[in-house]
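Fold and contact review
Take a look at the letters that make up each chain.
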Amino acid sequence: MSSIGKENKYQVIVKKLELFGATGIRVAVWGDENGGNDLKWNNGYQGNDGAWYADIEIADHKESGTYHADVYATMKNGASLCVKSIPFEISKPVAEVAIGAYDKESGSFDLIASNIQSPSGVKEIKFPVWLENDPSNTLYWYTAQKQEDGTYKATANIKNHGYAIGTYTSHIYITGKNGVENSLIAGQCEVTPADLSIELNDVSSIGRENRYQIRALNVGVYGALGIRVAVWGDENGGNDLKW
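This section reports on the structure supplied with the text. (Residues numbered from 1 in each chain as written. Predicted model: local features only at pLDDT ≥ 70, side-chain atom pairs only at ≥ 80, totals over all residues. Heavy atoms only, no water.)

Backbone-to-backbone hydrogen bonds pair the strands of a sheet. The strands run either parallel or antiparallel. Taken in spatial order, the four strands of this open sheet run β4-β3-β7-β8, and their pairing is antiparallel. Among the strands making up the open sheet, the edge pair consists of β4 (40-43) and β8 (80-90). Averaged over all neighbouring strand pairs, the angle between strand axes comes to 25°, with direction disregarded. As paired elements, strand β3 (residues 22-31) and strand β7 (residues 65-75) share nine bridges and run antiparallel to each other. Pairing of V27 across the sheet is with V71, part of β7. (Pairing = 2+ DSSP bridges. Helix = DSSP H or I, 4+ residues; strand = E, 2+ residues; numbered from the N terminus. Axes fitted to C-alpha atoms, helices over the stretch in contact; angles between N-to-C directions.)

Attention now moves to the packing of aromatic side chains. Summed over all chains, the structure comprises seven aromatic pairs. Clustering of aromatic rings is evident, with ring pairs tying together Y10, Y67 and F88. (Phe/Tyr/Trp six-rings, centres within 6.5 Å; stacked < 30°, edge-to-face > 60°.)

A few words now on the environment of T138. Tracing the backbone shows T138 in helix α1 (residues 135-138). Separated by 55 residues in the primary sequence, T138 and V83 have C-alpha atoms spaced 54 Å apart. Once residues lying within four places of it in the same chain are set aside, the contact partners of T138 are V129, W130, L131, N160 and H161. (Contact = heavy atoms within 4.5 Å.)

This next bit is on the sheet that holds strand β15 (residues 166-176). Taken in spatial order, the four strands make up an open sheet running β12-β11-β15-β16, and their pairing is antiparallel. Because the sheet does not close on itself, it has two edges, and the strands there are β12 (140-143) and β16 (181-191). For this sheet, the mean inter-axis angle between neighbouring strands, taken without regard to orientation, is 25°. Alignment of β15 against β16, held across ten bridges, turns out to be antiparallel. Looking across to β16, one finds that T175 is bridged to E181.

With that out of the way, let us pick up the pairing of β3. Among the ten residues in β3, seven count as buried, and that is most of the element. Bridge count between β3 and β4: four bridges; the pairing is antiparallel. Looking across to β4, one finds that A28 is bridged to W41. (Buried < 20%, exposed > 50% of the residue type's maximum accessible area, 1.4 Å probe, protein only.)

Another aspect to go through is the nonpolar core. Ranked by internal contacts, the top residues of the largest apolar core, which has 22 residues, are F109, A113, I125, F127, V129 and Y168. Of all elements in the fold, only β10 (108-117), β11 (122-131), β14 (152-157), β15 and β16 reach the threshold of two or more residues within this core. Looking at this core, the element that brings in the most residues is β11, giving five residues. Of all hydrophobic cores here, the second largest spans 21 residues; its members include L17, V29, A54 and I56. (Core = buried A, V, L, I, M, F, W, Y, C linked by side-chain atoms within 4.5 Å.)

Examined against the element boundaries, H161 turns out to sit in the loop between β14 and β15. Among the residues examined, H161 registers a relative accessible area of 3% and is labelled buried. Separated by 2.6 Å, the side chain of H161 and the backbone oxygen of T138 make a polar contact. The residues contacting H161, other than those within four sequence positions of it, are V129, W130, T138, Y140, Y142 and Y168. (Polar contact = N/O pair within 3.5 Å; in protein donor to acceptor, adjacent residues only side chain to side chain.)

Function cannot be inferred from these measures alone, as they are strictly geometric.
Set out below in structure tokens:
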């Protein structure tokens, strides 16, 4: 059995098939991971050199672990004879994951996958992120982007999680170019309330105590689109309330 590429496509080669009085081959392929539910028969074809070939696409199975390729010769009377059983291994894609510190000003934190080991290459990396005590209402999937240094990065933002405060949990899902997927625990990040900055300043242009201005910073981290200010004096019991 020879490999074309890395854990993407395999090829079974049978030579001198005529010695069995056979007219062709079929190859039954399956992985052990889910009990053989991915069984697929691959029809053979004869090359110019007289040998028989059958191609195996791992993307047809999308499993890691031990595979089996049982080679059947088709006899002249139509019967099938198993002439060889070939086991082989397909690895899971893995990576190291780092979660950056929470940035209160932007309401975000980075998720970075590095030291990625996927023989078939990387098709996609995703990070599901949710609030630990409310996964059903706060789950959001982020697709990581490849960086110049070969790492993959996604940036989680609490706006995608209802601006919830607390402990966030993330996993990583790595899919190889052969369709094999693996999930790992990425870790957790503690999201704390943003530090609001609210100031009251006298901005009177003539004299003082004519005009005041409220200045609020970081309210957008809470998902706010703007602010309203209720103002009143104590002198007459608040009858001058104005928004």
